[in-house]
Amino acid sequence: MKHLLLSLTLALAAFTASSTDLAIFNLNSFDGWIYTREGVTLTTEYIGANKVHIFKNSAGKDFTLISPAIDCTALTTVRVRVGWQSPTCNQDKYNLTKNSPYIELIDLNGNVVAQHYYLLPDIYQLHDLDILLPVPEGSNMLKVRFAAWDADLNSPGAISNAIVSDFNIGDVNADGQVNVSDVTQLISVILGEINLSKQFTDINGDGNVNVSDVTALINRILGVQ
Ligand SMILES: [Ca+2]
Ligand SMILES: [Ca+2]
């Protein structure tokens, strides 16, 4: 298989596609983001220690973070990378599973069109989460919402930073480009040399990672499909 790769390298080298950051949240970049802490407008005052708490309070006023509207007309997938700070609580006293975060795509009416729940039942303090959310066909403007719908008011987790970007299927090594280096990575995964998340390696989306994904990836780079 590696000999095949070498013969393909020159042929594929010229084909590449890059990704673009669509929304960025951190202490220095939060224009257009909404913190639904009773409708507050975000200022540095609300991003204390470079984080905003995400939870559900006893009055039903959820503390969520919502991105600016993103034009998803031409997108099939959105990549969300987020720094999540788990509750700093006593695991015996509070339920960390309940305080795990949801990452959602919502339309302008607030309807959820894609969702991922991160189960983080540990007390590890910082998580760099990296998730792909599928964009339903026919979507236009969408937002990304961070929530913790089951969270405990007394032990909220927090968002410290987030980057929303478009994602090109086939970007196996998640470096923002689809090119021959992704073929190399995918083959290494199939050979068991490295381990990468299936969300980046199952190119044809059939639930398995095997040589058919290499074919699908090469076809994608060549523009065959
Ligand atoms: Ca890549
Ligand atoms: Ca597959």
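Residues numbered from 1 in each chain as written. Chains lettered and ligands numbered in written order. Predicted model: local features only at pLDDT ≥ 70, side-chain atom pairs only at ≥ 80, totals over all residues.

**Some details on the overall build of the protein chain**
How we decide: Per the convention used, a helix needs a DSSP run of H or I reaching at least four residues, while a strand needs a run of E reaching at least two, with both numbered from the N terminus. Exposure is read from a count of other C-beta atoms within 10 Å of each residue's own; the residue is exposed at 12 or fewer, buried at 20 or more and partly exposed in between. C-beta atoms are placed from the backbone. A pair of residues counts as a contact when their C-beta atoms, built from backbone coordinates, are separated by no more than 7 Å.
Helix and strand content of the protein chain: four helices and twelve strands. Residues classed as buried in the protein chain amount to 32% of the 225 residues present. For the protein chain, the proportion of contacts with a sequence separation of at least 24, taken over those separated by at least 6, is 71%.

**A look at the nonpolar core**
Quick note on the threshold: To form a nonpolar core, buried Ala, Val, Leu, Ile, Met, Phe, Trp, Tyr and Cys residues must be joined through C-beta atoms within 7 Å.
One finds Ile-54, Val-78, Val-80, Ile-159 and Val-164 to be the most contacted residues of the largest nonpolar core, which totals 34 residues. Of all the elements in the fold, those that place two or more residues in this core are strand 1 (21-25), strand 3 (52-56), strand 7 (77-85), strand 8 (102-107), strand 11 (141-147) and strand 12 (157-166). If near-sequence neighbours (up to four positions away) are discounted, Val-78 is found in contact with Cys-72, Leu-105, Leu-133, Val-135, Val-164, Asp-166 and Phe-167. The next biggest cluster of nonpolar side chains, apart from the first, holds 14 residues, and it includes Val-172, Val-180, Leu-186 and Val-214.

**Overview of helix 2 (residues 180-190)**
Among all positions in helix 2, only Val-180, Asp-182, Val-183, Gln-185, Leu-186, Ile-187 and Val-189 are buried. The first or second residue beyond helix 2 is Gly-192, which carries a positive phi of 80°.

**Things to note about helix 4 (residues 211-222)**
Quick reminder of the rule: To estimate the expected span of a helix, subtract one from its residue number and multiply by 1.5 Å.
With twelve residues, helix 4 ought to run about 16 Å at 1.5 Å a step, and its terminal C-alpha atoms sit 17 Å apart, in line with that. Among the residues of helix 4, those classed as buried are Asp-213, Val-214, Ala-216, Leu-217, Ile-218 and Ile-221.

**Notes on the pairing of strand 7**
Heads up, the condition is: Only strands that DSSP links by at least two bridges are regarded as paired with each other.
Taken together, the nine bridges between strand 7 and strand 10 (residues 126-134) define a ladder with antiparallel strand orientation. Each bridged residue has a counterpart across the sheet, and for Gln-85 the counterpart in strand 10 is Leu-126.

**Observations concerning the confidence of the model for the protein chain**
Here is the rule: Values of pLDDT, which run from 0 to 100, indicate the predictor's confidence residue by residue.
A residue-level look at the protein chain finds 90% of positions with pLDDT of 70 or above and a mean pLDDT of 87. Ranking the elements of the protein chain by mean pLDDT puts helix 1 (residues 2-12) last, at 57, and strand 8 first, at 98.

**Remarks on the packing of helix 2 against helix 4**
Which entries qualify depends on this criterion: For every element, the axis is a line fit to its C-alpha atoms; helices are fit only across the contacting stretch, and the angle between N-to-C directions ranges from 0 to 180 degrees. Note on angle classes: values under 35 degrees are labelled roughly parallel, values over 145 roughly antiparallel, values of 65 to 115 roughly perpendicular, and the remainder oblique. For this scheme, ten residues count as nonpolar: Ala, Val, Leu, Ile, Met, Phe, Trp, Tyr, Cys and Pro. Four count as charged, namely Asp, Glu, Lys and Arg, and the remainder, Gly too, count as polar.
The N-to-C vectors of helix 2 and helix 4 enclose an angle of 175°; their axes lie 10 Å apart at closest approach. Considering their axes alone, helix 2 and helix 4 lie roughly antiparallel with respect to each other. Taken together, the residues of helix 4 that come into contact with helix 2 (itself represented by Asp-182, Val-183, Leu-186, Ile-187 and Ile-190) are Val-211, Asp-213, Val-214, Leu-217 and Ile-218. Residue composition of the contact of helix 2 with helix 4, by class: eight nonpolar, no polar and two charged.

**Focus on the environment of Ala-114**
Looking at where Ala-114 falls in the secondary structure, it is placed in strand 9 (residues 112-117). When the 19 C-beta atoms within 10 Å are taken as the criterion, Ala-114 is described as partly exposed. Sequence separation between Ala-114 and Pro-134 is 20 residues, and the spatial gap between their C-alpha atoms is 6.5 Å. Once residues within four sequence positions are removed from consideration, Ala-114 is found in contact with Glu-104, Leu-105, Leu-133 and Pro-134.

**A closer look at the environment of Ile-159**
Mapped onto the elements of the fold, Ile-159 is located in strand 12. Among the residues examined, Ile-159 registers 26 C-beta atoms within 10 Å and is labelled buried. Ignoring any residue separated from it by four or fewer positions in sequence, one finds Ile-159 in contact with Lys-51, Val-52, Ile-54, Leu-65, Val-82, Gly-83, Trp-84 and Phe-146.

**Topic: unusual backbone geometry**
For Ala-174, which is not a glycine, the phi torsion comes out positive at approximately 55°. Of the residues examined, Ala-174 has 18 C-beta atoms within 10 Å and is grouped as partly exposed.

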